[in-house]
Amino acid sequence: MQTQHLYFLKTYYLQSITNPASFQAEKINNLFYTFNIAAAAMLLLVIFLVIYISIKYREKKDDTGEPKQMHGNKKIEALMIGVPMLLLAYFFYETIHVEKQIAPPVNTSQQPDVIITGHQWWWEVEYPGSGVITANEVHLPVGKHLLMEMRSADVIHDWWVPELGNKMDLIPNVNNYLWLDIKKPGSYIGACSEFCGAEHAWMRINVVAQTQNDFESWLAANASNAMLPQDTITMAGARLFQEKTCSNCHRIQGTAASAMIGPDLTHIGSRKEILTGLMKNNEDNLYKWINHPQEIKPGAHMPDFILDKDSVQAIAYYLNSLK
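These numbers were taken from a predicted model, which means no experiment stands behind them. Note on numbering: residues in each chain are counted from 1, in written sequence order. With the structure being a predicted model, the display of local features is reserved for residues of pLDDT at least 70 and the display and counting of side-chain atom pairs for 80 or more, all residues being used for whole-chain, interface and lining totals. With hydrogens and water set aside, each side-chain value is computed from the structure's full complement of heavy atoms.

How should I be thinking about the nonpolar core in this particular structure?
Taken as a class, soluble globular proteins show a tendency for nonpolar side chains to be buried jointly. In terms of nonpolar packing, the biggest core is built from 32 residues, with I116, Y127, L140, M148, W159 and V207 touching the most fellow members. Put simply, buried Ala, Val, Leu, Ile, Met, Phe, Trp, Tyr and Cys residues joined by side-chain atoms within 4.5 Å make one nonpolar core. Type-normalised accessible area, obtained with a 1.4 Å probe on protein chains alone, sets the label of each residue: buried when under 20%, exposed when over 50%, and partly exposed for intermediate values. Within the second largest apolar cluster, 29 residues are counted, among which are I252, L275, L286 and V312.

Rendered as structure tokens:
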């Protein structure tokens, strides 16, 4: 587990809302900064007045009686009430205005560009019209007005990628929607932000933003069937995958495995990470996961089939070959 945590620290560097990479994040940040400036100004004014009044009206040596009392200064009262009311009205208006900009109404008959389904504890990613279904690593194009449909397969989850803007809850039996306009390519890290069970902390999000050409190439590659086994070990792994009931939960396009209970594994070998960012994706880590899943991610719904070493090695080798 220590190795896994070190990998996490190296890979999932601090994500900051102060580094917006989408239209939505910029609008939210601008409103946030404006509010902070106003709040800072009010704080400084209060500090100044406290210091000024404390010095000006402090007790002096020659003071013998009660200080002169002042009552009913309507100008000061109007100022004290009016300025905060104007600020509240301004921020109320700006909040509604920004909300309309980043979350305009959705025509439910419109086909979404991507469908995100939260599971305990992984993300299913579907691209309607392309036949592509993948898991955890979310590829999206830059410079496109994207409509994301958010679903949950079990409990309430919450999608949040700080550099890409607003959060969105994923609620069972309810379809929520999120608009997204990514401005620059890169990898953007997020997490489920609603406690959803034992492995909530390891339900990370990795959004890979690509140019339109790169995204279309990725989409075309992932729409293809899984690579056919090319050698003896890969063939053995493919056979064991079917025999040992792996196919009862997982889908590998182009094979008899078509279940959608667990993550789609058609091109798992091309992903950088497994287990929503818990481990780097390689044959060794695939072996560890298949061999003792509950030791790697306690509470996960992946059962321990108690396979012999050679069988686990063959399955891991096969999965790693699915590029």
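More follows now that the structure is in view.
When you look at the pairing of strand β8 (residues 176-180) in this model, what are you seeing that I'm missing?
On a regular strand, one side chain projects to one face of the sheet and the next to the other, so that they alternate. Numbered from the N terminus, helices here are DSSP runs of H or I no shorter than four residues, and strands are runs of E no shorter than two. For β8, the tally of buried residues reaches 5 of 5 residues, placing the bulk of the element in the interior. Of the two faces of β8, the one carrying N176, L178 and L180 and the one carrying Y177 and W179 are both buried.

Looking at this structure, how should I read the sheet that holds strand β1 (residues 114-119)?
The strands that make up a sheet pair up through hydrogen bonds in the backbone, lying either parallel or antiparallel. The pairing criterion for strands is at least two bridges between them, as found by DSSP. Pairing in this open sheet of 5 strands is mixed, and the strands run β3-β2-β1-β5-β8 from one edge to the other. Each of the sheet's edge strands pairs with one partner strand only, and the pair in question is β3 (132-135) and β8. Neighbour to neighbour, the strand axes of the sheet diverge by 25 degrees on average, direction disregarded. Relative to β8, strand β5 (residues 146-152) runs antiparallel, the two being bridged by 5 bridges. Bridging from a neighbouring strand, M148 pairs with L178 of β8. On the sheet, helix α4 (residues 212-223) packs against β2 (122-127) and β3 and is oriented at approximately 95 degrees with respect to β3. Note on method: axes are straight lines fitted to C-alpha atoms, helices fitted across the in-contact stretch only, with angles between N-to-C directions ranging 0 to 180 degrees. In what follows, a contact means two residues having at least one pair of non-hydrogen atoms within 4.5 Å.

Is there a simple way to think about a nonpolar patch on the surface in this case?
Side chains of M42, L45, F48, L49, Y52, I53, Y57, L79 and V83 sit close together on the surface and give an oily, nonpolar patch of about 870 Å² of accessible area. For the nonpolar patch, the element with the most residues is helix α2 (residues 23-56), which contributes 6 residues. As for its placement among the helices and strands, L49 is situated in helix α2. Residue class for L49 comes out partly exposed when judged on its relative accessible area of 36%. Patch definition: residues with relative accessible area over 30% and no salt bridge; like charges joined within 9 Å; nonpolar side chains (Val, Leu, Ile, Met, Phe, Trp, Tyr) joined within 5 Å. Accessible areas in this description were obtained via Shrake-Rupley with a 1.4 Å probe; residue shielding takes into account the shown protein chains only. Salt-bridge detection follows one rule: a side-chain nitrogen of Lys or Arg within 4 Å of a carboxyl oxygen of Asp or Glu.

Whenever I open this one, unusual backbone geometry confuses me. Can you help?
The phi torsion of most residues other than glycine is negative, and most of the peptide bonds are trans. The step from Q120 to W121 runs through a cis peptide bond, and the omega angle for that step is 0 degrees. In this model, N173 sits at a positive phi of 65 degrees, which is unusual for a non-glycine residue. Positive phi values are uncommon outside glycine, yet T276 reaches one of about 45 degrees. By the secondary structure assignment, T276 is in the loop between β11 (273-274) and β12 (279-280).

Whenever I open this one, the pairing of strand β10 (residues 204-210) confuses me. Can you help?
Counting buried positions along β10 gives 7 out of 7 residues, so the element sits mostly inside the fold. Of the two faces of β10, the one holding R204, N206, V208 and Q210 and the one holding I205, V207 and A209 are both buried throughout. Examined bridge by bridge, strand β4 (residues 137-141) and β10 share 5 bridges and lie parallel to one another. Bridge pairing links H139 to V208 in β10. Across 6 bridges, the pairing between strand β9 (residues 186-192) and β10 is antiparallel. By the bridge assignment for β10, I189 is matched with N206.

Any chance you could explain the sheet that holds strand β6 (residues 157-160) here in plain terms?
A sheet is described by the order of its strands in space; here 5 strands give the open sequence β4-β10-β9-β6-β7, paired in mixed fashion. In this open sheet, the two strands that pair with only one neighbour each are β4 and β7 (168-170). Averaged over all adjacent pairs, the angle separating strand axes in this sheet is 30 degrees, with direction ignored. Across 3 bridges, β6 lies against β7 in antiparallel orientation. Counted as the bridge partner of H157 is L170 from β7. Against the sheet, α4 engages β4 and β10, with an angle of about 135 degrees to β4.

Help me understand the confidence of the model for the chain, please; the structure alone is not making it clear to me.
Low-pLDDT stretches of the model should not have their predicted coordinates read in fine detail. Here the chain averages 90 in pLDDT, and 96% of its residues register 70 or above. Here helix α1 (residues 2-11) stands out as the element of the chain with the lowest mean pLDDT, 49, in contrast to β1, whose mean of 97 is the highest. Values of pLDDT, which run from 0 to 100, indicate the predictor's confidence residue by residue.

It is not clear to me how the side chain of T134 should be interpreted in this structure. Could you clarify?
Locating T134 in the fold gives a position in strand β3. Side chain to side chain, T134 and R271 meet in a polar contact 3.2 Å long. Setting aside residues up to four positions removed in sequence, T134 forms contacts with W123, E124, V125, Y127, W218, D264 and R271. Throughout this description, a polar contact denotes any pair of N or O atoms lying within 3.5 Å of each other; where both atoms belong to protein, one of them has to be capable of donating a hydrogen while the other can accept it, and for residues adjacent in sequence the pair is counted only when both atoms sit in side chains.

Would you take a moment to explain the pattern of salt bridges for this structure?
Charged atoms that come close allow side chains of opposite charge to pair. Under the criterion given, the structure shown has 6 salt bridges. In this structure, the salt-bridge partner of E149 is R151, at a minimum N-O distance of 2.6 Å. The class for E149 is buried, based on a relative accessible area of 5%. Classification of R151 by relative accessible area gives partly exposed; the value is 29%.

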